[in-house]
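Examination of the molecular architecture
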Amino acid sequence: MLEINNLRISIADRTLVEIDHLTISAEGRLGIVGESGSGKTLTVLSILGLLPTMMNVTGSITFAGQELLNKSENDLAKIRGRDIAMVFQDPGRSLNPTMKIGRQTGETLRLHSDLSKSEIQEKVIELMHAVQLQDPEKLASRYPHELSGGQQQRVMIAMAIACKPKLLIADEPTTALDVTVQQEVLKLLLQLSQESGMALIFVSHNLGVVQAVSERIAVMNAGKIVEIGETSQILNSPKAQYTRELIGSNPS
C-alpha cells in the first residue's frame, strides 16, 4: 500500500535520511525503531509532506498507487486525515489550547465529509467511546489543559481515526505517558488496527514498545535502515551489530 524508494532527505549538503526501499502492506503493522536523531520522525513526516521547507526531498513515496512527493499542498491536504492520519508525540502541544475538545475532534470530519453539524457531534461522541474515554459528553466541552496526558493522547487518536484512514502513523505516541497509560494506549492502537483493517506505522526509540504492536520492525541508525524483518526474527536473531546493541540496552 505504501512504498518508499530511494528516499533522500537533506539540508544544504548534509544528507539526513537515506532509505533505499521500505514498504508496508494494507493492514500491516510496521515498527520503526532507533535512537533519537536516527531519522525516524523525518521519514514519517516526509510521507505527509510535513518536513520544513528548508529540507530537500528526493526519491519516491507512493501510496495506493499515487506518488506523494510531487503532489501540491492542496492535494496533500485532501489526503491528510482522510487516507493517512498521524498521531504526534506530544498531544499537549498538538492540540489547540483555545478550542474545545469536541470541536477539535470533529475538525477532520468537517473537512473531509458531508455530515451535518448534528451528525458530526454524534460522531464525535462515538469516536470518544471508541478510544475508551469516559463520559465523552462532558469531555467534549472541555479544553485540552483540563485533560490528563492519557486523555489528551486518546483524543488525538480519536481525531486521527475519524475518517477511517487506510494508514495511521503514530510518532512516539506514548513517550510522555506513565507505564500504565502507555500500555493502555498501545493496546488501543493495536485493537483499532486489527478491528478496522487499518495499516499502522509505529515510531519509537523503545524496542519493547515497538514489539508490542508491530508485525515487522525496521531498525534505523544515522538516517539509514540497518535491518528490517519480522518482529520475532529481529528480536531473536538480529543480524546487525546496532540491532544487537539496541536489544542489549532494553533488558526487559
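All figures in this text were calculated on a predicted structure; none of them were measured in a lab.

1. Some words on the overall build of the protein
Summing up its helical and strand segments, the protein has 12 helices and 10 strands in all. Its C-alpha radius of gyration of 18 Å places the protein within 12% of the 18 Å reference for a compact globule of 252 residues. Dimensions along the principal axes, computed over C-alpha positions, put the protein at roughly 55 × 45 × 30 Å. Buried positions account for 48% of the 252 residues belonging to the protein. When contacts within the protein are restricted to residue pairs at least 6 apart in sequence, those whose partners lie at least 24 apart make up 65%. As presented, the protein carries roughly 12200 Å² of accessible surface, and 47% of it is formed by carbon and sulfur atoms. Charge separation in the protein, taken as the distance between the mean sites of 24 positive and 28 negative side-chain charges, equals 2 Å.

2. Re the confidence of the model for the protein
Reading fine detail from the predicted coordinates is not recommended where pLDDT is low. In the predicted model, the protein carries a mean pLDDT of 93, and the fraction of residues at 70 or more is 99%. Mean pLDDT across the elements of the protein ranges from a minimum in helix α3 (residues 91-94), with 84, to a maximum in strand β1 (residues 2-11), with 98.

Parameters and conventions
- Residues numbered from 1 in each chain as written.
- Predicted model: local features only at pLDDT ≥ 70, side-chain atom pairs only at ≥ 80, totals over all residues.
- Heavy atoms only, no water.
- Helix = DSSP H or I, 4+ residues; strand = E, 2+ residues; numbered from the N terminus.
- Rg over C-alpha atoms; globule rule 2.2 N^0.38 Å.
- Buried < 20%, exposed > 50% of the residue type's maximum accessible area, 1.4 Å probe, protein only.
- Contact = heavy atoms within 4.5 Å.
- Areas by Shrake-Rupley, 256 points an atom, 1.4 Å probe, with all protein chains shown as cover.
- Lys, Arg positive; Asp, Glu negative; His and termini not counted.
- Charge placed at Lys NZ, Arg CZ, Asp CG, Glu CD.
- pLDDT = per-residue confidence, 0-100.

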